[in-house]
Amino acid sequence: MSGVGLVAVGALKGSPGVTTAALALAAVWPAGAADAGPLLVEADPSGGDVAGWYGLLGYPGLLAWAAAARGGAAAVDAHVWALAGGVGLVAAPVEAGSARGAVAVLAQTGSVPWAASGRLVVADCGRLDPGSVALPIAGAAGVLVVLARPVPAELARVAGRVEELTGAGRRDCVLVLAGEPEWSAGRVEEAVGLPVVGVIPHHPRAAAGVAGGRFGRGARRSQLLRAAADIAADLDRRLAGRRGGSSRALAALPSAAPLPAVPPGSLPRAGGRLPVVPGATFTISRPGGQAAASGWVPTTPDREGWQ
Ligand SMILES: Nc1ncnc2c1ncn2[C@@H]1O[C@H](COP(=O)(O)OP(=O)(O)O)[C@@H](O)[C@H]1O
Ligand SMILES: [Mg+2]
């Protein structure tokens, strides 16, 4: 069965277009046997961008999911915003403190791989820094995608962490290049030690189209979305192959520091106030698009834990 599993996307440094690539992959993922459409989970501890792109700044997605997961892994369905084109979105809050706390809870409880047991989930893990709270999510992925610009320093940086990224060869970790390389894919693979599954071309207009949710037939003819479709098809085969093949357990990426305690006040208490942008409206939608809850958030987040 294709169309099911967890793909994590991240970068080691800079901002090479991880969120754009993750959203593009989810939008063009090949149709599979899963009932639910592909889901983008913005598990970026440094804060999300997608809520801003879609005018959903008050939408509690990841925060509400993490609040539900405080006692253990929680189902994602109630926290999904349905985007055009059949993609589900769980957006992170823009602010790093809240995002980091939410990602830590979801990572510690295994909620993201659980969500991917019946559908395709693309997790945007942001920067895969050694101490990132998103590393357990990246480590649990069926395929870990590292996005890097094809310049010597970036490729050397990835090469220096191949052992860790692949879990010493047990994890399927692949490279996607952000922009056309000066060298052949084969040479890059040889230098880095990871398979190159594609190139996301530098294309500001198409990238803006992805951020604007333009995934219609015309947009899909853009170089960027065609490249994303080829990459998604390759990743889907890898996920399907893994399910049918090896039963080896995948090691979690080691994290340099123990997972931090979730700062008080960074997550909503169940039934309590939502720490979202003051004055914003929010709507929680159910799969299928109908609103499950909506409202106005007049208060500032509870921040006493940060004093
Ligand atoms: N393939 C691309 N070509 C041109 N610009 C891009 C591309 N991908 C992303 N961008 C632009 O780069 C900026 C950062 O993109 P984003 O996806 O948020 O990166 P990251 O998640 O790595 O920080 C945005 O302005 C985005 O529109
Ligand atoms: Mg990003």
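Note that the structure is a prediction, hence the values are computed from the model and not measured. Going along each chain's sequence as written, the residues are numbered from 1 onward. For this description, chains carry letters from A and ligands carry numbers from 1, given in the order in which they are written. Totals for whole chains, interfaces and linings use every residue, but because this is a predicted model, local features are given only for residues with pLDDT of at least 70 and side-chain atom pairs only at 80 or more, for both listing and counting. Where side-chain values are given, they derive from all heavy atoms of the structure, hydrogens and water being excluded.

**Q** Which residues make up the packing of aromatic side chains, and what are the values?
**A** Within a pair of aromatic rings, the relevant descriptors are the distance that separates the centres and the angle that separates the planes. Only centres within 6.5 Å qualify two rings of Phe, Tyr or Trp (six-membered ring in Trp) as a pair; their planes then separate them into stacked at under 30 degrees, edge-to-face at over 60, and tilted for everything else. This structure, assessed with the given rule, holds 1 aromatic pair. Arranged with centres 5.4 Å apart and planes meeting at 65 degrees, the rings of Y59 and W81 form a pair that is edge-to-face. Linking Y59 in the loop between helix 2 (50-53) and helix 3 (61-68) with W81 in strand 3 (residues 81-82), this pair joins segments that are 22 residues apart in sequence. Put simply, DSSP marks the helices as runs of H or I at least four residues long and the strands as runs of E at least two long, and each gets a number from the N terminus on.

**Q** How would you summarise the nonpolar core if you had to cite specific residues and measurements?
**A** With 50 residues, the main nonpolar core has L62, W65, L128, V158 and L175 as its most contacted residues. No other element matches helix 4 (residues 96-108), which puts 6 residues into this core. When sequence neighbours within four positions are dropped, the list of residues in contact with L62 reads V41, E42, V90, A91, A92, P93, A99, A102, V103 and L106. Definition of nonpolar core: a set of buried residues of the types Ala, Val, Leu, Ile, Met, Phe, Trp, Tyr and Cys, connected through side-chain atoms within 4.5 Å. For the exposure calls, accessible area comes from a 1.4 Å probe over protein chains only, and a residue counts as buried if that area is under 20% of its type's maximum, exposed if over 50%, partly exposed in between. Judged by nonpolar contacts, the second largest core, of 42 residues, contains V18, A22, A51 and V176. In this description, contact between two residues means that some pair of their heavy atoms is separated by no more than 4.5 Å.

**Q** Can you explain the side chain of D236? Please cite residues and give values.
**A** Note that D236 resides in helix 11 (residues 223-244). Those residues in contact with D236 that lie beyond four places of it in its chain are S2, G3, W29 and P30.

**Q** Any chance you could break down the environment of C173 for me, citing the residues and the numbers?
**A** Mapping C173 onto the fold places it in strand 7 (residues 173-178). Distance in space between the C-alpha atoms of C173 and L194 is 6.9 Å, their sequence separation being 21 residues.

**Q** Describe the packing of helix 7 (residues 152-159) against helix 9 (residues 185-192), and please don't skip the residues or the numbers.
**A** Orientation of helix 7 relative to helix 9, taken along the N-to-C sense of each, is 50 degrees, at an axis distance of 8 Å. In terms of orientation, helix 7 lies oblique with respect to helix 9. From helix 7, L155, V158 and A159 reach across to helix 9, where they touch V188, A191 and V192. Orientation is described by lines fitted to C-alpha atoms, with helices fitted over the stretch in contact, and by angles between N-to-C directions that extend from 0 to 180 degrees. Any angle that falls under 35 degrees is termed roughly parallel, while one over 145 is termed roughly antiparallel, one within 65 to 115 roughly perpendicular, and all others oblique.

**Q** Could you give an account of the pattern of salt bridges, with specific residues and numbers?
**A** We count a salt bridge whenever a side-chain nitrogen from Lys or Arg sits within 4 Å of a carboxyl oxygen from Asp or Glu. Applying the stated rule across the entire model yields 5 salt bridges. D172 is paired through a salt bridge with R238; the nearest N and O atoms lie 2.9 Å apart. Of this pair, D172 sits in the loop between helix 8 (162-165) and strand 7 while R238 is found in helix 11, placing the two residues 66 residues apart along the sequence. Close ionic contact of R238 with D234 constitutes a salt bridge, the shortest N to O distance being 2.9 Å. Remark: D234 and R238 occur in helix 11; sequence separation between them is 4 residues, near one turn of the helix. Overall, R238 belongs to the partly exposed group, its relative accessible area being 25%. Because the salt bridges share partners, they merge into one network encompassing D172, D234 and R238.

**Q** Give me the site of ligand 1: which residues, what numbers.
**A** Only heavy atoms are used to decide nearness, and a residue is near a molecule or strand if one of them lies within 4 Å of it. Neighbouring ligand 1 are 14 residues; S15, V18, T19, T20 and H203 lie closest to it. One of the backbone N or O atoms of P16 is found 3.3 Å from an oxygen atom in ligand 1. Polar contacts, as counted here, are pairs of nitrogen or oxygen atoms within 3.5 Å of one another; within protein the pair requires one atom able to donate a hydrogen and one able to accept it, and residues that are adjacent in sequence qualify only if both atoms are side-chain atoms. Measuring from an oxygen atom of ligand 1, one finds a backbone N or O atom of G17 at 2.9 Å. Expressed as a share of its isolated accessible area of 560 Å², the protein-covered part of ligand 1 is 70%. Sorting the residues of the shell around ligand 1 by element identifies helix 1 (18-28) and helix 10 (204-211) as the ones contributing at least two each. At 3 residues, the largest contribution of residues to the shell around ligand 1 is made by helix 1. Residue polarity follows a fixed list, in which Ala, Val, Leu, Ile, Met, Phe, Trp, Tyr, Cys and Pro are nonpolar, Asp, Glu, Lys and Arg are charged, and the others, Gly among them, are polar. A class-by-class count of the residues in the shell around ligand 1 yields 8 nonpolar, 6 polar and no charged. Each accessible area value is a Shrake-Rupley result obtained with a 1.4 Å probe; residue values ignore everything except the protein chains displayed when judging cover.

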